[in-house]
Amino acid sequence: GPDDMDPATWAKVKDHPCYSEEAHHYFARMHVAVAPACNIQCNYCNRKYDCANESRPGVVSERLTPDQAARKVLAVAAEVPQLSVLGIAGPGDAAYDWKRTKSTFEQVAERLPDIRLCLSSNGLALPDRVDEIVSMNIDHVTITINAIDPEIGQHIYPWVFFQGARHTGIEAATILRDRQLLALEMLTARGVLVKVNSVLIPGINDEHLIEVNKAVKARGAFLHNIMPLISDPAHGTHFGLTGQRGPTGAELKKVQDACAGGANLMRHCRQCRADAVGLLGEDRGQEFTLDKLPEVIE
Ligand code: CLF
Ligand code: SF4
C-alpha cells in the first residue's frame, strides 16, 4: 500500500491495475498484439498462440500493425474512461520485435500523453532497449524469469537465439538468465518499475521459485507474479505433448506462501490475453476488433 512506498513510486502505481491491487478495481488496461516475433523457445509455448510468459496460452489474439494498434487505442480511450495503461505482451517478445513495439508506443504517446506504457519480455533483448525505454517514458516492465539456475532452466528453454546464433542446453539457459538479471538491474537503476513473472511448473521449478524470488528482490524487482502453467495437449506445446501438468491451486499457494518475506507477490493476475481490453477479469476486446474501428480518429 501507499504507507511503505515513496511518493514518486506511489504516483506511478496508483492507477496501474497490475502493480496496485487497489487500482485493479478502478483502472483498465489494454493490450495490443503487435509483436509476433520471438528470440527464444519456451517449452510451454506454441508460437501460433499468445506469449504465455504474460498471457493466457492457447488463445489467438488479433494481430495488428503499429498503425492499426494506435487507431485501436484511440478508439478504446474514447469509450473506456478507466483506461490507464497500454501494454504490449506478445504474442511474441515485445523487446525483440522492437520496431513494432516502439512505433506503437510512440504513436500512442503522441496522441495520449497521459497513458502509461507497459511492456513484457522474456528479457533476452531487454538490456539493449534500456536507454530507449527510459527516454520513451515506459515506466513499467515485466520480465519473465522461470529459473536462475541453468540446470533447471535447460528443462524450460530448449534454445535461445542470441547475437546471430542459436544456443541450446545449459549454455542457452545461462545466456538467458544472465541477460534477464542484467536487464532487471539496469532498469531498476534507472527508476523503471520491474515486475517479474514466473510460470510455476510442477516438478521442474516449484521448489526453485523461492530462490528466484530472493534473487529478483535483491536486484530491485517491485513485484513477483507467480503464475500457474496452463498446459493442454490441444495447445500443441512441448509440455502439453509430454503430459506436463499445471499446478493445483494448493500447490500454487504453497509456493507463494514459501516466498513470504521476499519480493512482494502479485496475487490478482488474471493471465490476460495479448489483446485484452478493460478492467482485469473483464474482456471487452470483441467490442474493438479492427473491423469495428473508425478509419480515422480525431
Ligand atoms: Fe498488461 Fe502485464 Fe502491463 Fe498488466 S497485464 S503488460 S503488467 S498492463 Fe496484469 Fe494481465 Fe496479469 Fe499481466 S493481470 S497477465 S500481470
Ligand atoms: Fe513463446 Fe513468449 Fe516464450 Fe517467446 S517468450 S517462446 S512467444 S512464451
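Residues numbered from 1 in each chain as written. Chains lettered and ligands numbered in written order. Predicted model: local features only at pLDDT ≥ 70, side-chain atom pairs only at ≥ 80, totals over all residues.

As named in an unreviewed UniProt entry, the protein is FeMo cofactor biosynthesis protein NifB, taken from Rhodovulum euryhalinum. Under the Sequence similarities (unreviewed entry) heading, UniProt states for the protein: "Belongs to the radical SAM superfamily. NifB family." (UniProt positions renumbered as here; feature names shortened; annotations may be inferred.)

All right, on to the site of ligand 2 then. Surrounding ligand 2, one finds Cys38, Ile40, Gln41, Cys42, Cys45, Cys51, Ala52, Asn53, Gly90, Gly92, Asp93 and Asn122. Broken down by class, the residue content of the shell around ligand 2 amounts to six nonpolar, five polar and one charged. (Near = placed C-beta within 6 Å. Nonpolar A, V, L, I, M, F, W, Y, C, P; charged D, E, K, R; others polar.)

Here we take up the site of ligand 1. What surrounds ligand 1 is a group of 19 residues, the closest being Cys18, Gly87, Cys118, Cys269 and Cys272. Among the residues making up the shell around ligand 1, the classes are represented as seven nonpolar, eight polar and four charged.

All right, on to unusual backbone geometry then. Residue glycine 90 is joined to proline 91 through a cis peptide bond whose omega torsion reads 15°. Summarising the element assignment, proline 91 is placed in the loop between β3 (83-88) and α3 (98-111). Positive phi outside glycine occurs at asparagine 137, with the angle close to 60°. On the secondary structure map, asparagine 137 appears in the loop between α4 (130-135) and β5 (140-144). With phi around 45°, glutamine 271 is a residue other than glycine that occupies positive phi space. In this fold, glutamine 271 is placed in the loop between α9 (249-258) and β10 (277-278). Judged by local crowding, glutamine 271 falls into the partly exposed class, with 18 C-beta atoms found within 10 Å. (Helix = DSSP H or I, 4+ residues; strand = E, 2+ residues; numbered from the N terminus. Buried ≥ 20, exposed ≤ 12 C-beta atoms within 10 Å, placed from the backbone.)

Bringing helix α6 (residues 169-189) into the picture now. Given a rise of 1.5 Å per residue, 21 residues ought to cover 30 Å, and the 31 Å separating the end C-alpha atoms of α6 matches this to within 8%. Buried within α6 we find Ala172, Ala173, Leu176, Arg177, Arg179, Gln180, Ala183, Leu184 and Leu187. (Expected span 1.5 Å × (residues − 1).)

If you trace the seven strands from one edge of the open sheet to the other, you get β9-β8-β5-β4-β3-β1-β10, paired in mixed fashion. Of all the strands in the sheet, the pair left with one neighbour each is β9 (223-228) and β10. Where β5 meets strand β8 (residues 193-200), five bridges bridge the pair, whose relative direction is parallel. Among the inter-strand pairings, threonine 142 is bridged to a residue of β8, identified as lysine 195. Taken strand by strand, helix α2 (residues 66-79) contacts β1 (28-31), β3 and β10, and its axis lies near 155° from that of β3. (Pairing = 2+ DSSP bridges. Contact = placed C-beta atoms within 7 Å. Axes fitted to C-alpha atoms, helices over the stretch in contact; angles between N-to-C directions.)

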